[in-house]
Amino acid sequence: HIAPHFLMVENMQIVYTNIRDAYKNRNEYNIVWQRLIDYVEKNYLTCQENRYVSISFDDPTITPLRQCRFYIGMTIKDTVEPKGRFGVMTIPDGEYAVFRYKGEYSSIYQLYNDIYMLWLPTSDYQLRNPFSFEVYINTPRDISSSELLTDVYFPVDKIYPVPPETNKYQMI
C-alpha cells in the first residue's frame, strides 16, 4: 500500500538540460549530470538549498524512447540566462502528493505504475495539469544504489463530493 504525504510547494526555478539518449548509457548519463553541476558552479548558483531534480514529460511505455523528453536539473535561487544546452524553467506552485521511493532508479517505474493504477483511482485527488517531477534526496556518489531515496511529486487537486441535487418541487 502506497501513501503519499501532501505539500504546498512554492514556485521552484530550475536550471536544466535535456538528457536525450544519455540515460541508456550510465557513463553518458553521469557526464550530462556533471555538465549540469559544472554549469551551476561556474555561474555561482550553488547554495545549501540546491536540489537535484528530474522531469519526465512523456511515458516511455507509450511514447517511443527517441521522442521522450526527460530533463535533469537543479533548483536555483538566483536568476540566470539560458545558455547553450542549459535552459531555465519554473516548476509551478500548488499542492503536490509526494511519494518516497527507495531503491535503484531503474525500478522507479514500478512506483509510477502503482500511483496511476492503485493510488490515484481510489484517492480523493485528481492530477493537475503541470508535470510530475522527482527530487533526489541522495546520489549514487554518496550511497549504494539500493539505498537511494527519491521523492516523486505529483501535482494534485482535492476532489470534493458534489452534494446531491435537492428536490425543488415538494409533493403536497
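Everything that follows concerns the structure shown earlier in this document.
1. Overview of the nonpolar core
Next up, step 1: By size, the foremost hydrophobic cluster in this structure holds 17 residues, and its most contacted members are V15, L36 and I72.
Next up, step 2: Secondary structure elements with two or more residues in this core: α1 (26-42) and β4 (70-75).
Next up, step 3: In terms of residue count, the dominant contributor to this core is α1 (seven residues).
Next up, step 4: For I72, the residues in contact, after removing those within four places along its chain, are V15, Y16, T17, I19, Y29, V32, W33, L36, V53 and S54.

2. Some points on helix α2 (residues 109-122)
Next up, step 1: Look at α2: 20 Å from first C-alpha to last across 14 residues, which is about the 20 Å you get at 1.5 Å a residue.
Next up, step 2: What α2 keeps buried is the set L111, Y112, I115, W119 and L120.
Next up, step 3: The inward-facing, buried residues of α2 contact β1 (5-9), β6 (94-102), β7 (125-127), β8 (133-136) and β9 (149-158).

3. Re the pairing of β4
Next up, step 1: Most of β4 sits out of view: six of its six residues are buried.
Next up, step 2: Burial of the side chains of β4 extends over both faces: F70, I72 and M74 are buried on one face and Y71, G73 and T75 on the other.
Next up, step 3: Relative to β4, strand β3 (residues 52-56) is paired through five bridges, and the arrangement is antiparallel. In the strand pairing of β4, S54 is matched with I72.

What counts and how
- Residues numbered from 1 in each chain as written.
- Predicted model: local features only at pLDDT ≥ 70, side-chain atom pairs only at ≥ 80, totals over all residues.
- Heavy atoms only, no water.
- Core = buried A, V, L, I, M, F, W, Y, C linked by side-chain atoms within 4.5 Å.
- Buried < 20%, exposed > 50% of the residue type's maximum accessible area, 1.4 Å probe, protein only.
- Helix = DSSP H or I, 4+ residues; strand = E, 2+ residues; numbered from the N terminus.
- Contact = heavy atoms within 4.5 Å.
- Expected span 1.5 Å × (residues − 1).
- Pairing = 2+ DSSP bridges.

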